[in-house]
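# Report on the structure
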Protein chains: 6
Amino acid sequence: MQRNVENFIGCESSYEDAKIVLFGAPFDSTTSFRPGARFGPAAMRHESFGLETYSPYQDKDLEDLAVFDSGDLELCFGSSEMALADIEARAREIVSDGKFPLLLGGEHLVTLGAVRAVLEKYPELHIVHFDAHADLRDDYLGAQLSHACVLRRCHDLIGDGRIHQFCIRSGERAEFRFAAQHTDMHPFSFDGLAELTEQLTCTQVPVYLTIDLDCLDPSAFPGTGTPEAGGVSFLQLLDAIRTITQANIVAADVNELAPMLDTSGVSTATACKVLRELLLALHV
Amino acid sequence: MQRNVENFIGCESSYEDAKIVLFGAPFDSTTSFRPGARFGPAAMRHESFGLETYSPYQDKDLEDLAVFDSGDLELCFGSSEMALADIEARAREIVSDGKFPLLLGGEHLVTLGAVRAVLEKYPELHIVHFDAHADLRDDYLGAQLSHACVLRRCHDLIGDGRIHQFCIRSGERAEFRFAAQHTDMHPFSFDGLAELTEQLTCTQVPVYLTIDLDCLDPSAFPGTGTPEAGGVSFLQLLDAIRTITQANIVAADVNELAPMLDTSGVSTATACKVLRELLLALHV
Amino acid sequence: MQRNVENFIGCESSYEDAKIVLFGAPFDSTTSFRPGARFGPAAMRHESFGLETYSPYQDKDLEDLAVFDSGDLELCFGSSEMALADIEARAREIVSDGKFPLLLGGEHLVTLGAVRAVLEKYPELHIVHFDAHADLRDDYLGAQLSHACVLRRCHDLIGDGRIHQFCIRSGERAEFRFAAQHTDMHPFSFDGLAELTEQLTCTQVPVYLTIDLDCLDPSAFPGTGTPEAGGVSFLQLLDAIRTITQANIVAADVNELAPMLDTSGVSTATACKVLRELLLALHV
Amino acid sequence: MQRNVENFIGCESSYEDAKIVLFGAPFDSTTSFRPGARFGPAAMRHESFGLETYSPYQDKDLEDLAVFDSGDLELCFGSSEMALADIEARAREIVSDGKFPLLLGGEHLVTLGAVRAVLEKYPELHIVHFDAHADLRDDYLGAQLSHACVLRRCHDLIGDGRIHQFCIRSGERAEFRFAAQHTDMHPFSFDGLAELTEQLTCTQVPVYLTIDLDCLDPSAFPGTGTPEAGGVSFLQLLDAIRTITQANIVAADVNELAPMLDTSGVSTATACKVLRELLLALHV
Amino acid sequence: MQRNVENFIGCESSYEDAKIVLFGAPFDSTTSFRPGARFGPAAMRHESFGLETYSPYQDKDLEDLAVFDSGDLELCFGSSEMALADIEARAREIVSDGKFPLLLGGEHLVTLGAVRAVLEKYPELHIVHFDAHADLRDDYLGAQLSHACVLRRCHDLIGDGRIHQFCIRSGERAEFRFAAQHTDMHPFSFDGLAELTEQLTCTQVPVYLTIDLDCLDPSAFPGTGTPEAGGVSFLQLLDAIRTITQANIVAADVNELAPMLDTSGVSTATACKVLRELLLALHV
Amino acid sequence: MQRNVENFIGCESSYEDAKIVLFGAPFDSTTSFRPGARFGPAAMRHESFGLETYSPYQDKDLEDLAVFDSGDLELCFGSSEMALADIEARAREIVSDGKFPLLLGGEHLVTLGAVRAVLEKYPELHIVHFDAHADLRDDYLGAQLSHACVLRRCHDLIGDGRIHQFCIRSGERAEFRFAAQHTDMHPFSFDGLAELTEQLTCTQVPVYLTIDLDCLDPSAFPGTGTPEAGGVSFLQLLDAIRTITQANIVAADVNELAPMLDTSGVSTATACKVLRELLLALHV
């Protein structure tokens, strides 16, 4: 008789054999509007059993991969710095073991922890960012460690021209002004992603891919804290994932599923499918 | 220490300085299927704080406008005529002060109150109507003052050829027959809106714009009393708004959000964004 | 004073006069993920009163048809074979009376009962299958009578090349391998439906049409047990229905609405509209 | 093959044989806070199939009674007077046929229609009223026909000392002042009901029993427009019903279930049980 | 880095050391009204992390016990006999290893599997049954293996006078007649439990305790398929558990939580607490 | 035309005239289980319009009081210390103006901000604490500023014997051990409150009253982050409030309503009623 192990479906490799390591960061303390992203990774793991391991889009199967699911970190609520430190430590361990860290948020601030760790190994890191929101505020209600500031904090670390933003359709005027000067912003859609991918692939520069699921239109993905009409479809996101993964992706995250906000369960099911397709598309 | 004022976000002008005046009509007594539109305007006001004041689509900011939000009228439930009289009085006051009335419903019947007031000042008024439903019944279960009859009542007031209907995809056969003879109906989509706008702009005829949010597809806007599959997307509605506002719009309304019917909150968030974009697009 | 008869809207013919007979199969005992499809037919009947009988798409009205609604069967939960026997008996009665059986599920397994009955009369039957899932497993957790196996069981009865599958985007690798050899599968969309319809129409071969509503994208139809991102829109499904009904359809079903999973009511309203359009499109 | 008749469970008598006649009044146009009581009677009928016909409390079975369920009236929304006239006409027909009318609301205003009809036959009528709210306002936002005024309107008809109110725990100060002078009010509980019943039974005066289900504590019955903490339990209500039905009850109603407000379904199930126990307790 | 093990809180013993073994039976195929009990055991395990391991009622802590949680069985939907066989096999394994089986349902039918296994070892077994429903039908819509028949099937196995039923408040007249002759039924409450416990304790007869959580009042426990007003409170159930566990309990189950039916989460939290208190009260 | 002011019902005094000042602290960043208490105060304000200003329990009316509602503070999410500082500043301002501060949470940690301010003026302050949870942990996942530690932090400030806890039914064993030595704990109920009140009233010692609404049983109040079965009823809480307010209460708070967790709205309505009764009971 076995203990009750709960993985994301098809992610049953041992840590030793794994090429990709999943870890969840159930944190949403800085969420300003509607919290609940803390429940995202556990919901994805739990509901993944309604999903097949096989993708007819890619004709690949999770059972052919070697993925280890390390479950959720136990993070302190109410202290962003402590939570980020724990996320950073876990990402560092995975990276230093030569494996690919795939972080499941949680609110978008969790990305900063992983980026800090990955940047140590890959100082020339670029970030590709799919999101409805620019996340480029310098502070939010006085806090510099906020989901609304996370790409700004990444910019503090890696500087101009290395953050590539897609699907952005919400932000303050000042954020769009900042982006015009400091990031490579592609508002509203994935226009420009193919060209970018070609450049990144050419140079084999290491890339961190961060997917805020609210880049999806709320019709496809209502279960998120701040839904923004006018987003992309699931098939467009799938296409974008299959495009960008031709570059040298060294780490990734998928975040901002707030499962309780969508009682139909569609958002969680869709998040699972995004993760499955991302896992299958990665060339690790 | 201040009282707790609750505006739609960014609508903080004084009444005196305002060019546009918001007012809510929390009424849904004639709703025949699923009530709840009464909660629409308060929900929009409350949830607007999840929205930015800046629109990257139009590169404009609500903070640059002068909008006063007068809150919700206190309307009698169970008496359509009394409620319409109160709406008409409020609209008349705003119009006579030389300001633009923007009514937030409530069920679609509320439009009749505002149209009555606006028509006094602009007897040559045209109505541009975005909706899933024709709303052209002569009566509904014996009531002539019903959401299902509101455009018919408007037709009683302004006659043939001055009601322009878009996105209509539901009604009795008799309503479509009526429309064929008396209104300018464009079923299913915004086809023909650009041409109409050109004509209306040419002549500078005054236009009342009434947006029943159920013109949107239920995937984008489930939170409404009578959702009708086959509607337009948010981006199509946004485009239509930016088109028609090139005409001489003198009053407008946005109605039929029933927030409790969509527990994900997406419908309310989308209604807020429609209102923001409408406010920014108006040339007042 | 009359008893309280509850029909699908506009389906008020007597049994004798009827050309089409609706019957509900409120069964979901083999549903593996999220049950609730048992409530589908009653919800459609009940909520149809929010729908018009007239379709502006087809300019036809249910009031011009002769449809009898026989309500729901009283099926045994927990015994698939008993439930299928009851469904088969009802379908046989309708078919032998020279009428068109239109079955409302319930989970997709119910199709097998109707197919068994229809096949007796039409041994050369083809099946046209709209679905997100291949439903071609040989067994599911040991059960051969399972929603996940229903087209496989139909294949047992009618053999290779007579099952035509559209919109399929989920299944095990083995199911797609099976389809490649034994069925006519069109993954992801309705591509190929026009050509198939032409062939079927030419030969006037009898066709059973089974519509699993989860062929729709979850944005349009979240209220189903296993929502699969990447589906078709309502208008695409409507178009497909109007296409395939040009063939010699002799029986049909609409299934897998689980109304409690979509508290907004949109899924039920959309299912009602699909049924209305299907009834109006049939040439019976 | 039969049409789909939907009764309250066990209420399958013909009209001719029936001693009790159920009729629903799906009306809630004057509801001031949260609408939805219009869906009450249909929900009770539909969900009654989760209930047994047998009561172990009373050791009686609905199958031994003769009850006819005439379904819901089709009432005009937005016109209280028209709706009341239809309710009154139906109640009059039942009363004049020598049967017991049992009205299912809807909002509490519907009681007025039935009381008008019953009062014609029984001019000496008393009203026993179980409710959280006094419903004694003279008008509500200008409307005299409002759920909040219904017992005041009844008082207009029958005068002082003939309205007996129990469980009342909400109202304006003026309503409690009015009650002190004009009605027989028992706040908070059923204290005094046994004594009252004894008096009423003695004199065999005809009694109309109106049960606003929000007399129940919201823990037992959350699905109602205006839940008021501090109510009675189901068992206390059951006891009260079994007590008062020893008097000469000539008509009754059960109202204010708003099923959509309680997604757990408990409120509807409880309303069904209250109706079953009331039917079984009546001495008709 | 560890795999993600998910236990009921505080149940982290190895199987070897464990005195009590939890196992889940996620089965609800025969549920006739509202399914969803299949999700009960996983929800309890998942949500138990909102619970403390310490009980101030008993001043005991789960950390002092040795409980192994073996997770959920993977059961076949749609075949009651196959599911029961799997449950029986697991229970037999636990019993034959000298441990205490504690089964988490699922619908109440699952009890039959465990009783079959336990009865082999303890042929003189008595059953103590807390439930709202008698569950004594001989068949339900033709099925003898149904949740509505489970105690009748147990009676087939152990005969008269060895089934002790408490809190029963729903059933057909025939079930209550059957109980009067064949079981020891205590309707409505726990009256008589202390006396029974004394007798059972005296003789040290082995007892199987089956707790259908719908014995609780729906106000305390709305999340169950067939809620029945008039039940006991949590504190009364806690008291009953602490009473009956003084007897020689040799196996137990807790069933009929349908977590999706109570979106507030209270039912799941309460089920967790019942399980914690039961575990702490058992003298194993 | 007026701006849209939103008060708690009947709290329309000017600040100058007010004796009691309401302020909301929409903070829940340290909530460990289910967030959402941030939405509590706005929901209470908004839904209070379903409540009467008059209490038949106390025969008093809010319109006779002078209460100012200053709305919600705009607090930083993700930094407990910053949020507490803002709460403390607001409470200090109210206290120094000689008015009574009544704080609406938010999670229970907000109490610490108010206690800090009140303690400055009343160094001999006692705290009376109604709650399901002891809230006496020294830290929670490393954070000392956590809802689970708030009374422990208060104890740090005021020491032994001055914290009086009622209804407590959840906590770690260590918290109950701590309470046994350092606080005056009354588990499970209000037993002992009358005696305590008498002592406190005698000495006229200043008292801070903190009401965590989860002291209520989840049947009465499901809308809270961590519902705990076995709580008190609304009427028991009302009685306790009317008792303790005979002491010299100098400040108070009401917290832990998470309105989105109870879609029926009952929890919010009940919280409003608790606040109304508390306001009316205070002798200010």
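Keep in mind that this is a model prediction, so the values were computed, not measured.

## With respect to the overall build of chain A
Scanning chain A from N- to C-terminus turns up eight helices and ten strands. Here chain A has a C-alpha radius of gyration of 17 Å; the compact-globule value for 284 residues is 19 Å, and the two agree. Seen through its principal axes, chain A has C-alpha atoms that stretch 60 × 40 × 35 Å. Across the 284 residues in chain A, those meeting the buried criterion constitute 73%. Sequence separation of 24 or more characterises 78% of the internal contacts of chain A that already satisfy a separation of 6 or more. When the 21 positive and 43 negative side-chain charges of chain A are each reduced to one mean point, those points stand 2 Å apart.

## Comments concerning the relation of the copies chain C and chain D
One copy of the chain maps onto the other through a rotation about an axis plus a displacement along that axis. For these two chains of identical sequence, chain C goes onto chain D by a turn of 180° and a shift of 0.0 Å along the axis, with RMSD 0.0 Å. What the superposition gives is, in effect, a two-fold axis relating one chain to the other. When each C-alpha of chain C is compared by its distance to the rotation axis, C:Val5 comes out closest, at 2.1 Å. Most of the interface of chain C is mirrored in chain D, where 100% of its interface residues again form contacts.

## Details of the confidence of the model for chain A
Residues with a pLDDT of 70 or more make up 100% of chain A, whose mean pLDDT is 97. Predicted complex metrics record ipTM = 0.96 and pTM = 0.97.

## As for helix H2 (residues 80-96) of chain B
All names here are of chain B. End to end, H2 covers 24 Å across 17 residues, agreeing with the expected 24 Å (1.5 Å per residue, within 8%). Looking at H2, one finds that the buried residues are Ser-80, Ala-83, Leu-84, Ile-87, Glu-88, Arg-90, Ala-91, Ile-94 and Val-95. One face of H2 carries all of its buried residues, which in axial projection span an arc of 165°. As for H2, its buried residues are in contact with strand E1 (20-25), strand E4 (67-72), strand E5 (100-105) and helix H3 (110-121). Positive phi shows up at Gly-98, right after H2, with a value of about 75°.

## Side note on the relation of the copies chain F and chain A
When chain F is fitted to chain A, the residual RMSD is 0.0 Å, and the transformation amounts to a turn of 180° plus an axial shift of 0.0 Å. By residue overlap, the copies meet face to face through one surface: 100% of the interface positions of chain F are interface positions in chain A.

## Overview of the pairing of strand E9 (residues 206-212) of chain F
All names here are of chain F. Among the seven residues in E9, seven count as buried, and that is most of the element. Here E9 shows a buried face lined by Pro-206, Tyr-208, Thr-210 and Asp-212 and a second buried face lined by Val-207, Leu-209 and Ile-211. Relative to E9, strand E6 (residues 126-130) runs parallel, the two being bridged by five bridges. Within E9, the position partnered with His-126 by the bridge is Val-207. Examined bridge by bridge, E9 and strand E10 (residues 248-255) share seven bridges and lie parallel to one another. Following the sheet pairing, Val-207 is matched in E10 by Ile-249. Handedness of the crossover is the feature at issue here: the chain leaves E9, passes through helix H7 (residues 234-244), returns alongside E10, and the resulting connection is right-handed.

## What to know about the packing of helix H3 (residues 110-121) of chain E against helix H4 (residues 150-158) of chain E
Residue and element names in this part refer to chain E. Interaxial distance between H3 and H4 falls to 10 Å at its minimum, and their mutual angle equals 15°. On the basis of their axis angle, the class for H3 and H4 is roughly parallel. Crossing of H3 over H4 shows right-handed handedness. Counted together, Thr-111, Leu-112, Val-115, Arg-116 and Leu-119 of H3 and Val-150, Arg-153, Cys-154, Leu-157 and Ile-158 of H4 form the full contact between these two elements. Across the contact of H3 with H4, the residue classes break down as seven nonpolar, one polar and two charged.

## A closer look at the sheet that holds strand E8 (residues 184-187) of chain D
Residue and element names in this part refer to chain D. Read across the open sheet, the eight strands follow the order E4-E1-E5-E10-E9-E6-E7-E8; overall the sheet is parallel. The open sheet has two free edges, formed respectively by strand E4 (67-72) and E8, since each of these has just one partner strand. Between one strand axis and the next, the sheet turns by 15° as a mean value, whatever way the strands run. Sheet topology note: the strand E7 (residues 163-168)/E8 ladder contains four bridges and is parallel. Each bridged residue has a counterpart across the sheet, and for Gln-165 the counterpart in E8 is Met-185. On the sheet, helix H1 (residues 40-47) packs against strand E1 (20-25), E4 and strand E5 (100-105) and is oriented at approximately 130° with respect to E4. Set on the sheet, helix H7 (residues 234-244) makes contact with strand E6 (126-130), strand E9 (206-212) and strand E10 (248-255); between it and E6 the angle comes to about 170°.

## Notes on the pattern of salt bridges
This model, assessed by the stated rule, comprises 96 salt bridges over all chains. C:Asp156 serves as the salt-bridge partner of C:Arg153, at 2.8 Å between the closest nitrogen and oxygen. Taken together, the residues C:Arg153 and C:Asp156, both in helix H4 (residues 150-158) and three residues apart, mark about one turn of the helix. Judged by its relative accessible area of 8%, C:Arg153 falls in the buried class. The closest approach of N and O atoms between D:Arg137 and F:Glu52, which form a salt bridge, is 3.0 Å. Taken together, the positions of D:Arg137 in the loop between E6 and helix H4 (150-158) and F:Glu52 in the loop between helix H1 (40-47) and strand E2 (54-55) put the pair across two chains. By the burial criterion, D:Arg137 is buried, and F:Glu52 matches it. Counted as one network, the salt bridges with shared partners bring together A:Glu81, A:Glu88, A:Arg92, A:Arg116 and A:Glu120.

## Considering the interface of chain F and chain A
Of the residues lining the interface, 24 residues belong to chain F; the matching set on chain A comes to 24 residues. Buried area between chain F and chain A, both sides added, is near 1,700 Å², and the carbon and sulfur share of it is 64%. Per-residue buried area on chain F facing chain A is highest for F:Pro35, F:Phe77 and F:Leu141; these three make up 29% of the total on that side. Counting across the interface, chain F meets chain A through zero salt bridges. For the pair chain F and chain A, the number of links is seven residue pairs in polar contact (both at pLDDT 80 or more).

## Comments concerning the sheet that holds strand E4 (residues 67-72) of chain E
All names here are of chain E. Judged by pairing direction, the sheet is parallel, and its eight strands sit side by side in the order E4-E1-E5-E10-E9-E6-E7-E8 without closing on themselves. The outermost strands of the open sheet, each flanked by one partner alone, are E4 and strand E8 (184-187). Taken pair by pair, the neighbouring strands of this sheet meet at an average axis angle of 15°, ignoring direction. Strands in contact with H4 are strand E6 (126-130) and strand E7 (163-168); relative to E7, the strand with the most contacts, it is inclined by about 160°. Against the sheet, helix H7 (residues 234-244) makes contact with E6, strand E9 (206-212) and strand E10 (248-255), and its axis sits at roughly 170° relative to E6, the strand it touches most.

## Things to note about the side chain of B:Glu52
Relative accessible area serves as the criterion here: at 15%, B:Glu52 is assigned to the buried category. For B:Glu52, the side chain forms a polar contact with the side chain of A:Arg137, separated by 2.9 Å. Setting aside anything within four residues of it in sequence, one finds B:Glu52 in contact with A:Arg137, A:Ser170, A:Gly171, A:Glu172 and B:Arg276.

## Topic: the arrangement of the chains
A gap remains between chain A and chain D, which never touch, and the nearest two C-alpha atoms on either side lie 12 Å apart. The smallest C-alpha distance separating chain B from chain E is 12 Å, and no contact links them.

## Side note on the layout of surface pockets
Roughly 1,100 Å³ of internal volume is contained in the second largest pocket. Every residue lining the second largest pocket is counted, 47 residues in all, and those nearest its centre are D:Ser219, E:Ser233, F:Ser219, F:Ser233 and F:Gln236. Of all the secondary structure elements, the ones that give two or more residues to the lining of the second largest pocket are H7 and helix H8 (266-281) of chain D, H7 of chain E together with helix H6 (193-203) and H7 of chain F. With six residues, the top contributor of residues to the lining of the second largest pocket is H7(F). A per-class count over the lining of the second largest pocket returns 24 nonpolar, 19 polar and four charged.

## Details of the environment of B:His46
By secondary structure assignment, the location of B:His46 is in helix H1 (residues 40-47). Since its relative accessible area comes to 28%, B:His46 is described here as partly exposed. Along the backbone, B:His46 and B:Ile9 are 37 residues apart, and their C-alpha atoms lie at a distance of 8.6 Å. Discounting chain neighbours no more than four positions away, the residues touching B:His46 are B:Glu6 and F:Ala42.

Criteria and thresholds
Residues numbered from 1 in each chain as written. Chains lettered and ligands numbered in written order. Predicted model: local features only at pLDDT ≥ 70, side-chain atom pairs only at ≥ 80, totals over all residues. Heavy atoms only, no water. Helix = DSSP H or I, 4+ residues; strand = E, 2+ residues; numbered from the N terminus. Rg over C-alpha atoms; globule rule 2.2 N^0.38 Å. Buried < 20%, exposed > 50% of the residue type's maximum accessible area, 1.4 Å probe, protein only. Contact = heavy atoms within 4.5 Å. Lys, Arg positive; Asp, Glu negative; His and termini not counted. Charge placed at Lys NZ, Arg CZ, Asp CG, Glu CD. Least-squares fit on C-alpha atoms with pLDDT ≥ 70 in both. pLDDT = per-residue confidence, 0-100. Expected span 1.5 Å × (residues − 1). Arc of directions from axis to C-beta. Pairing = 2+ DSSP bridges. Right-handed = clockwise from strand over helix to strand, strands pointing away. Axes fitted to C-alpha atoms, helices over the stretch in contact; angles between N-to-C directions. Parallel < 35°, antiparallel > 145°, perpendicular 65-115°, else oblique. Left-handed = near helix turned anticlockwise from the far one by under 90°. Nonpolar A, V, L, I, M, F, W, Y, C, P; charged D, E, K, R; others polar. Salt bridge = Lys/Arg side-chain N within 4 Å of Asp/Glu carboxyl O. Buried area = accessible area lost by both parts, 1.4 Å probe. Polar contact = N/O pair within 3.5 Å; in protein donor to acceptor, adjacent residues only side chain to side chain. 1 Å grid on protein atoms, 1.4 Å probe; cavity = no way out; pocket = protein on both sides within 12 Å on 5 of 7 lines; lining within 4 Å. Points joined across faces, edges and corners; volume = space filled by probe spheres on them.

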